[in-house]
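Structural overview
Given next are the chains, with one letter for each unit.
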Amino acid sequence: MKILIPISAALALFAAPLHAADCYADYKAKQDNPLKLHYGVARITGDCTTASARAELTPRLAKGGWVLLNVVSMFDASGLTERKESAGPFYLRF
């Protein structure tokens, strides 16, 4: 029983980075004057939550002159292929 505690603790340490590396968000953003909208997909490096995605995407998009409108959903790598065509040039750009 004492051996299980260190093993499970070690597994938890390894699981967190793997999960974070496999986290993506799809989002909608805009630019003004003239109004432009885009749908995109981005890798999220922090916690795999909508709040973390908002916190990461807001400054990334702002550097490109975009304003985050909303995070549509959070997903793992298995959801990338189905979103690639819809995201077009904004697929993993930000």
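Since we're looking at a predicted model, the values are computed, not measured. (Residues numbered from 1 in each chain as written. Predicted model: local features only at pLDDT ≥ 70, side-chain atom pairs only at ≥ 80, totals over all residues. Heavy atoms only, no water.)

Quick word on the confidence of the model for the protein chain
Put simply, the rule reads: The predictor's confidence in any single residue is recorded as pLDDT, a number from 0 to 100. Residue contacts are counted whenever heavy atoms from the two residues lie within 4.5 Å of one another.
Chain-level pLDDT for the protein chain is 87 on average; 78% of the residues reach the 70-or-more range. In the model, residues 9-19 has pLDDT below 50 throughout and makes one contact with residues more than four positions away in sequence or in other chains.

A short note on the nonpolar core
Operational definition: Buried Ala, Val, Leu, Ile, Met, Phe, Trp, Tyr and Cys residues form a nonpolar core when they are joined through side-chain atoms within 4.5 Å. With a 1.4 Å probe rolled over the protein chains alone, any residue whose accessible area is under 20% of its type maximum counts as buried; one over 50% counts as exposed, and the rest are partly exposed. The secondary structure listing takes helices from DSSP runs of H or I that are at least 4 residues long and strands from runs of E that are at least 2 residues long, numbered from the N terminus.
Counting residues in each nonpolar core, the largest one holds 14 residues, and the members touching the most others are Tyr27, Leu57 and Leu61. The set of elements that each furnish at least two residues to this core consists of strand 1 (24-31), helix 2 (50-63) and strand 3 (67-75). Residues Tyr24, Val41, Phe75 and Leu80 belong to the second largest nonpolar core, which totals five residues.

Re the packing of aromatic side chains
Test applied: Two aromatic rings, drawn from Phe, Tyr or Trp (for Trp, its six-membered ring), form a pair once their centres lie within 6.5 Å of each other, and the interplanar angle then sorts them: stacked below 30 degrees, edge-to-face above 60, tilted otherwise.
What the rule picks out here adds up to three aromatic pairs. Ring centres of Trp66 and Phe90 lie 5.5 Å apart, and the angle between their planes is 80 degrees; on these two criteria the pair is classed as edge-to-face. You can see Trp66 sitting in the loop between helix 2 and strand 3 and its partner Phe90 sitting in the segment after helix 3 (80-87), a full 24 residues away along the chain. The exposure class assigned to Trp66 is buried, which follows from its relative accessible area of 9%. The class of Phe90 is buried, set by a relative accessible area of 12%. Between the aromatic rings of Phe90 and Phe94, the centroid separation amounts to 6.4 Å while the plane-to-plane angle is 10 degrees, which identifies the pairing as stacked. The burial state of Phe90 is the same as that of Phe94; both residues are buried.

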